[in-house]
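The residues making up each chain are set out below.
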Amino acid sequence: MSYVDEVYEGLKAKHPHEPEFLEAAKRILESLDPIVSKNEDVYRKNALLERFVEPERIITFRVPWTDDKGVNHINLGYRVQFNSAIGPYKGGLRFHPSVNQSILKFLGMEQILKNSLTSLPIGGGKGGADFDPHGKSDAEVMRFCQSFMTELYKYIGKDTDVPAGDIGVGGREVGYLYGQYKRLTGLYEGVLTGKGLTFGGSLARPEATGYGLVYITDEVVKGAGKELKGKTIVVSGSGNVAQYAIQKAEELGAKVVTCSDSNGYIYDPNGINFEVLCQIKQVERARIKEYAKRVPGSEYHEGERPWGVKCDIALPCATQNEVNGEDAKKLIDNGCWCVCEGANMPSDEAAIDTYLAAKILYMPAKAANAGGVAVSALEMSQNSERLSWSFEEVDSKLHDIMVNIYKSVSETAKKYGYENNFVVGANIAGFEKVATAMLAQGLV
Ligand code: NDP
Ligand code: 2IT
């Protein structure tokens, strides 16, 4: 049995009830095989892979809160501090009913390699709670955030662990979390990113994941001798990542014809109207079906995902495993030749196998959506120097980072004999730096 198989089998035996984590770990380990087999003696001697697959620690806690009717609720909160070899733990907080330890460990493991790809000094972490912000009042969300932080504050800090947003955690939640951290500790420090602009947030952080996704998609498309202008794009999701991906793609001359939420999708043959989308999602916090009522010519498809819509490029921006093998086949049969992932692990194993077999361009999440955490790291730098940079400066750094990620991923794939396989390229390029740092720091 190869070293990666051995480590995976050990992990499966230890964590049989963590399917999402095992799936992510399997995919990562398998694609690391080319670098692991070259360095097997050193890695084995230092138990490198055995350490890489286990979080440094996981904090779990209960989160009691009271709703507007006076009814008490208990949710579960978590922070997975996965790997601090190259910097303080960094990664988002997710508030969604599906959150559990398995999902957060998969996201945390992905985050280690993603953060390494940014070339900035940030380790990997992830956290959240099984709390559903949908339909909650501002006051309920505030009380939940305050209770969550009342436990979490003990374990985080600007140089130890710096959380940010993810699904269900945006500017409003980060504001409440920050306020409570400050109240409990008395510290005005960059302990969270994605903060409001009046209290240490970075310009272009809200836009960063979506813009970064489109910047790297542009590189992928150019690498194949094509251009983004005039192409038809299918997007899923209608949250933070989807919104700014749509805005940037349209600015660069592509036409985005879909967006969605967990209830259904919108098809707009004239191109999704960004202003209407933001009014519905950012201001009213309403469901996406509202869009069809307001924009003539658009259609709402209840209970469906957008993968049957004809397109050149697909940008899944909602959640994990939202594209399965059948969906991938449908996309390709309808002419899709490029998939770049805004969400984390949106394509399941069968979907990825389908992309690779069809040899379409496929940029996996840890490279494609790294723009968000990259600008989070730039927010940390600005907080440390107590300065703030202009939108243009941050956006231009983001653009350079995404171009460099594309270069590093494609060059690494080529170096290891897997030209154009960006899965292998992204995993190995991210892993190399973390492995070197872990070896240098000894058995910790
Ligand atoms: P938001 O909460 O802003 O939006 C999430 C969107 O995805 C909503 O439209 C939501 O619909 C939809 N969605 C969530 N869960 C499901 C589900 N189970 N099935 C169908 N649709 C679903 O989150 P973000 O835009 O921030 O995050 C989207 C993805 O991007 C996630 O995978 C996240 O991990 C990833 N990501 C986010 C980054 C960031 O900076 N925010 C950075 C890198 C990656 P509904 O309202 O119906 O739930
Ligand atoms: O998945 C991700 O990269 C994020 N949710 C962003 C994390 C961050 O720290 O900005």
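Residues numbered from 1 in each chain as written. Chains lettered and ligands numbered in written order. Predicted model: local features only at pLDDT ≥ 70, side-chain atom pairs only at ≥ 80, totals over all residues. Heavy atoms only, no water.

Engineer: Would you mind going over helix α6 (residues 138-152) in detail, with residue names and values included?
Structural biologist: For α6, with 15 residues, the first-to-last C-alpha span of 21 Å sits near the 21 Å given by 1.5 Å per residue. Of the positions making up α6, those classed as buried are Glu 140, Val 141, Phe 144, Cys 145, Ser 147, Phe 148, Met 149 and Leu 152. Packed against the buried residues of α6 are β1 (57-66), β2 (72-83), β3 (89-95), β4 (123-129), β5 (161-164) and α7 (171-185). (Helix = DSSP H or I, 4+ residues; strand = E, 2+ residues; numbered from the N terminus. Expected span 1.5 Å × (residues − 1). Buried < 20%, exposed > 50% of the residue type's maximum accessible area, 1.4 Å probe, protein only. Contact = heavy atoms within 4.5 Å.)

Engineer: Describe the sheet that holds β2, listing the residues and the values that go with them.
Structural biologist: Taking strand neighbours across the sheet as the criterion, the five strands line up as β1-β2-β4-β3-β5 in an open arrangement whose pairing is mixed. Every other strand in the sheet has two partners, leaving β1 and β5 as the edge strands with one partner each. For this sheet, the mean inter-axis angle between neighbouring strands, taken without regard to orientation, is 20°. Pairing of β3 with β5 involves four bridges; the strand directions are parallel. Paired with Tyr 89 across the bridge in β5 is Asp 161. Of the strands in this sheet, β1, β2, β3, β4 and β5 are in contact with α6, which crosses β1 at around 145°. (Pairing = 2+ DSSP bridges. Axes fitted to C-alpha atoms, helices over the stretch in contact; angles between N-to-C directions.)

Engineer: How would you summarise the site of ligand 2 if you had to cite specific residues and measurements?
Structural biologist: By nearness alone, 14 residues border ligand 2, and Lys 90, Lys 114, Asp 166, Arg 205 and Ser 376 come closest of all. Contact distances for ligand 2 include 3.0 Å between an oxygen atom and a side-chain N or O atom of Gln 111. Here Lys 126 contributes a side-chain N or O atom positioned 3.0 Å from an oxygen atom of ligand 2. Expressed as a share of its isolated accessible area of 290 Å², the protein-covered part of ligand 2 is 94%. Counting residues per element, the ones that place at least two in the shell around ligand 2 are β3, α5 (101-117) and α15 (371-385). Split by residue class, the shell around ligand 2 holds two nonpolar, seven polar and five charged. (Near = heavy atom within 4 Å. Polar contact = N/O pair within 3.5 Å; in protein donor to acceptor, adjacent residues only side chain to side chain. Areas by Shrake-Rupley, 256 points an atom, 1.4 Å probe, with all protein chains shown as cover. Nonpolar A, V, L, I, M, F, W, Y, C, P; charged D, E, K, R; others polar.)

Engineer: Can you break down the sheet that holds strand β11 (residues 338-340) residue by residue, with the values?
Structural biologist: Spatially, seven strands are ordered β9-β8-β7-β6-β10-β11-β12 in an open sheet, and the strand pairing comes out mixed. Both outer strands of the open sheet, β9 (299-302) and β12 (361-363), are each paired with one neighbouring strand and no more. Averaged over neighbouring strand pairs, the angle between their axes works out to 15° when direction is ignored. Pairing of strand β6 (residues 232-236) with strand β7 (residues 255-261) involves three bridges; the strand directions are parallel. Across the sheet, Ile 233 pairs through a bridge with Val 256, a residue of β7.

Engineer: Give me the lowdown on the state of the cysteines, citing residues and values where you can.
Structural biologist: What makes a disulfide is a covalent bond joining the sulfur atoms belonging to two cysteines. If you walk through the whole model with that rule in mind, you get zero disulfides. Not part of a disulfide, Cys 259 finds its nearest cysteine sulfur in Cys 278, a span of 10 Å. With no disulfide of its own, Cys 311 lies closest to Cys 336 among cysteine sulfurs, the gap being 4.1 Å. Look at Cys 311 and you get buried, because its relative accessible area is 4%. (Disulfide = S-S within 2.5 Å.)

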